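One letter stands for each residue in the lines below.
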Amino acid sequence: MNIASFAPLAVVLPILGAALTFLLIRHSHAQRAVSIALLSLTLLLECWLLASVWSGGTEAVNIGGWLPPWGIVLVVDQFSSLMLVVSSAVSLAVLVYATGQGMADGDQDAPVSIFHPTYLILVAGVSNAFLSGDLFNLYVGFEILLTASYVLMTLGGTGPRIRAGVTYVVVSVVSSVLFLIAIAMIYGATGTINMADLAIKLGELDQGTKTLLHVMLLVAFGIKAAVFPLSFWLPDSYPTAPAPVTAVFAGLLTKVGVYAMVRTETLLFPGDTLNAPLMVAALLTMVVGILGALAQSDIKRLLSFTLVSHIGYMVFGLALSSVAGLGAAVYYVAHHITIQTSLFLVTGLIERRGGSSSVDRLAGLAKLSPLLGLLFFVPAMNLAGIPPFSGFLGKLGLMQAGIGLGTPLAYALVIGGTLTSLLTLLAVARVWNRAFWRKPEDAEHPDPVLLAEAKDSATGHRAGKANVTLLPRTMVGSTLGLVVLGVALTVFAGPLFELANHSAAVMLDRTAYIQSVLGGNATVPELALGGGGK
Amino acid sequence: MSVNLTLLTVMGALYACGIYLILERSLTRVLLGLMLLANATNLLILATGGYAGLAPFFSKDTDPRAYNDPLPQALILTSIVISFAVTAFMLGIIYRTWVLARQDEIQDDVEDRRVAETPSFDAEDDAVIPAETSEFPLTMLGSDGAGVTDSSDTDLADSDSAATDSAATVKAGGKTILAEDAALEEKPGSANVHPGPEGGVK
């Protein structure tokens, strides 16, 4: 019995939790307890999976006893289990945060009781997408998480959320249709949708067909991952959702797209046929995204643009298709999931404390709540890539890999990456200067709440709105937990980078993946262009 | 592998109509477009199964080439279920839009419009910093003689103005101004600006 036999539980446990919380819809306390307990259990299981494949090894499990390539397989390797652990840790923190918010505001009979089941379904979809070794099952995973995200995006059904939700749903459905068309064409061309089997059979197709299928998959995943020029839907739709929902979307959903792109590039279409266009897309994503961020005055929108921008770094590492580049990209994905989510959670706290998320109105928060300042400052500097932090380490790895490749395009990416990093620093420093450092009376549209004397600085009650705790302990605690996790990524960067580089080497080699799914006798085709050797 | 031409034609027509409809601004039409796209894709998946044949898992003796490929049909079933869920959700959203706004149109992002109309000049970031930002007035510099230099010592290239030749000057805010003027500036109600030959402050 191999360790991967327990992998389906990573999907089943959240779905079970969703069913239970749906039954408990009228008992909000039980609902919270069940969802937090099951998600913690899932996280523990995934930590165990990661620990068992930490030093290498790829395991596959056949669902329902159907043999590959006919049945569905779930594959546990270093990359997928690392993604599982990081995503579950982040979703657990966000769940605690949302629970704290719910308890603080008293939503006993608000429609948000649907939040817990939907949220757990979302987690199940994300886990399924990370584990899937079958292209159609990957599509199903995407659809599970997307359908859950539609509901979360339009939670409460207010005007702005419905408006943003419509754009989001239509764009997501179109990308899913593109993905499905790509699957149909791949099945038509090869007669299989098992990814390990495809890795062998796609190599036998002629170059034109291969490029067409490759481009179709990349466009479908590019929309989900918000790669420029397919990224315009994201800053439009994310900021209107409730703070915890935006946080988990920003952390996880685009990264699932990036994960799918990594699998496409390394497993299905190895070699460097489309690396040059990918590099150009990465450069444009970084630069255009961050220029958009500089124009924003709303922190949530600003962060959405930095999210788009930093997807560019991951595509950069992927497009290098070297062990160093891909390893740095793997590390960067783990770093960015944590940091971007914690920044959105802090923004939710800023909105509660300061009454707004616009830097035109916010002021003097550093004096009102130094803890909030710390919670914002650490991930913000981390995002910008200031030396001791993980953002710096990830970017450094990418730059080194880029210089190692040494082509003009790679140098352009290194320069673009540095510029983006500096502009990110400028964007978050603007937020810091305005929201935290300036005096309330200096604000352009000063907020009467902020100008008023704080009765109780840390957990003071908002003027005029009695019984609303501004900074509930659960919300601050879960945010702090995520910030600490982000710092831990820095402290344990050595072993993590080793893991990332090892997983990159395994992914570029492909042998372990194919043989674990199809059995040890499967012959792994030679790479036409030897992209892994660089 | 042979393909049914009718299916292909219908599929093409569905894609064309679907793409046309999702480019509309009316939500109901967008929904219809998405449904057409999903159904066209289902036909595409069906076409990948090859020409119609015997029912799958018919008998062990049947020639494998006579079977219909069952896998695409399983995929279609899944995809139908998914598009059903999405359609139901979209209908809910469209109804909600109608309840809220009494219109069936995609609306612009207000914040996006606002940001687009924001001038590139930012009062806080881009304003010219005034020459005098100190909270301590210039008289404090001039009164005890510190910071006051005689212009004959400094190599000021002000050959155009003869008035500054014999006067003491003070360096303030990156400019050099007359000590008298600096002192005058601090007196309440004084006319602290002498129009110079070019209209500026001497």
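Residues numbered from 1 in each chain as written. Chains lettered and ligands numbered in written order. Predicted model: local features only at pLDDT ≥ 70, side-chain atom pairs only at ≥ 80, totals over all residues.

Draft legend 1. Summary view of the overall build of chain A. Within chain A one finds 21 helices and two strands. Since a compact globule built from 534 residues should have a radius of gyration of about 24 Å, the 23 Å found for chain A is in line with a globular shape. For chain A, the spread of C-alpha atoms along the three principal axes comes to 75 × 55 × 40 Å. Taking all 534 residues of chain A together, 61% fall into the buried category. In chain A, 78% of the contacts between residues at least 6 apart in sequence involve partners at least 24 apart. (Helix = DSSP H or I, 4+ residues; strand = E, 2+ residues; numbered from the N terminus. Rg over C-alpha atoms; globule rule 2.2 N^0.38 Å. Buried ≥ 20, exposed ≤ 12 C-beta atoms within 10 Å, placed from the backbone. Contact = placed C-beta atoms within 7 Å.)

Draft legend 2. Quick look at the overall build of chain B. Counting its regular elements, chain B contains seven helices and three strands. When the elements of chain B are put in sequence order from the N terminus, they spell out α-α-α-α-α-α-β-β-β-α. The 202 residues of chain B split such that 17% are buried. A separation threshold of at least 6 residues defines the contact pool for chain B, and within that pool the share at least 24 residues apart is 51%.

Draft legend 3. The arrangement of the nonpolar core in detail. Residue and element names in this part refer to chain A. Judged by nonpolar contacts, the single largest core of 216 residues is most densely connected at Leu145, Ile183, Ala282, Met314, Val315 and Phe316. Of all the elements, helix H13 (residues 323–354) adds the most residues to this core, at 18 residues. Contacts of Met314, omitting those with residues within four sequence positions, involve Val258, Ala329, Tyr332 and Val333. (Core = buried A, V, L, I, M, F, W, Y, C linked by C-beta atoms within 7 Å.)

Draft legend 4. Representation of the pairing of strand E2 (residues 73–76) of chain A in the model. Residues and elements named next belong to chain A. Neither face of E2 is open: one carries Val73 and Val75, the other Leu74 and Val76, and all of them are buried. In terms of strand pairing, strand E1 (residues 59–62) meets E2 through four bridges, oriented antiparallel. The partner of Ala60 across the bridge, within E2, is Val75. (Pairing = 2+ DSSP bridges.)

Draft legend 5. Region of interest: the confidence of the model for chain A. Residue and element names in this part refer to chain A. Of all residues in chain A, 91% attain a pLDDT of 70 or more, and the chain-wide mean is 84. With pLDDT under 50 throughout, residues 456–466 is counted as low confidence; its partners more than four residues away or in other chains account for 22 contacts. Segment residues 528–534: pLDDT under 50, and 14 contacts once partners within four positions in sequence are set aside and those in other chains are kept. (pLDDT = per-residue confidence, 0-100.)

Draft legend 6. Quick peek at the interface of chain B and chain A. Residue-level contacts link 31 residues of chain B with 28 residues of chain A. For the side of chain B that touches chain A, the secondary-structure elements that each account for two or more residues are helix H2 (27–48), helix H3 (70–101) and helix H4 (110–117) of chain B. The greatest single-element share of the side of chain B that touches chain A, amounting to 14 residues, is contributed by H3(B). Class assignment for the residues of the side of chain B that touches chain A results in 21 nonpolar, six polar and four charged. (Nonpolar A, V, L, I, M, F, W, Y, C, P; charged D, E, K, R; others polar.)

Draft legend 7. Structural view of the packing of helix H10 (residues 243–268) of chain A against helix H12 (residues 299–320) of chain A. Residue and element names in this part refer to chain A. Packing of H10 against H12 brings their axes to within 11 Å, and their N-to-C directions diverge by 20°. Between H10 and H12, the interaxial angle falls into the category roughly parallel. For the element pair H10 and H12, the recorded crossing hand is right-handed. Residues Thr246, Ala250, Thr254, Val258, Met261, Val262 and Glu265 of H10 form the contact with H12, whose own contacting residues are Lys300, Leu307, Ile311, Met314 and Leu318. (Axes fitted to C-alpha atoms, helices over the stretch in contact; angles between N-to-C directions. Parallel < 35°, antiparallel > 145°, perpendicular 65-115°, else oblique. Left-handed = near helix turned anticlockwise from the far one by under 90°.)

Draft legend 8. Spatial organisation of unusual backbone geometry. All names here are of chain A. Of note, the amide linkage connecting Phe228 to Pro229 takes the cis form, showing an omega dihedral of 0°. Tracing the sequence through the fold places Pro229 in the loop between helix H8 (207–225) and helix H9 (233–237). Here the phi dihedral of Ser321 falls at roughly 45°; this positive angle occurs in a residue that is not glycine. Within the secondary structure layout, Ser321 lies in the loop between H12 and H13.

Draft legend 9. Spatial organisation of the packing of helix H4 (residues 115–131) of chain A against helix H5 (residues 135–153) of chain A. All names here are of chain A. Between H4 and H5, the shortest axis-to-axis distance is 8 Å and the interhelical angle comes to 155°. Judged by the angle between their axes, H4 and H5 are roughly antiparallel. Crossing hand, H4 versus H5: left-handed. On H5, the residues touching Thr118, Tyr119, Ile121, Leu122, Ala124, Gly125, Val126, Asn128 and Ala129 of H4 are Asn137, Leu138, Val140, Gly141, Phe142, Ile144, Leu145, Ala148, Ser149, Val151 and Leu152. In terms of residue class, the contact of H4 with H5 is made up of 14 nonpolar, six polar and no charged.

Draft legend 10. Inspection of the environment of A:Ala30 at higher detail. Residue and element names in this part refer to chain A. Residue position: Ala30 is located in helix H2 (residues 28–53). A tally of 14 C-beta atoms within 10 Å means that Ala30 is categorised as partly exposed. Distance from Ala30 to Leu20, taken between C-alpha atoms, is 9.6 Å for residues 10 residues apart in sequence.

Draft legend 11. Representation of the environment of A:Met261 in the model. All names here are of chain A. For Met261, the position within the fold is in helix H10. Once the C-alpha coordinates of Met261 and Leu291 are considered, the two residues, 30 residues apart in sequence, prove to be 25 Å apart. Each residue touching Met261, except ones within four places of it in the same chain, is listed here: Leu218, Phe221, Ala225 and Leu318.

Draft legend 12. How the structure looks around the confidence of the model for chain B. All names here are of chain B. Predicted confidence across chain B gives a mean pLDDT of 72, with 57% of residues reaching 70 or more. Strand E1 (residues 148–150) is the least confidently modelled element of chain B, averaging 49 in pLDDT, while helix H1 (residues 5–22) averages 92, the highest of any element. Residue range residues 187–202 is modelled with pLDDT below 50. Its contacts to residues more than four positions away, or to other chains, number 18 contacts. Predicted complex, confidence summary: ipTM 0.84, pTM 0.83.

Draft legend 13. Examining the environment of B:Ser120 more closely. Relative to the elements of secondary structure, B:Ser120 occurs in the loop between H4 and helix H5 (123–126). For the pair B:Ser120 and B:Val81, spaced 39 residues apart in sequence, the C-alpha to C-alpha distance is 49 Å.

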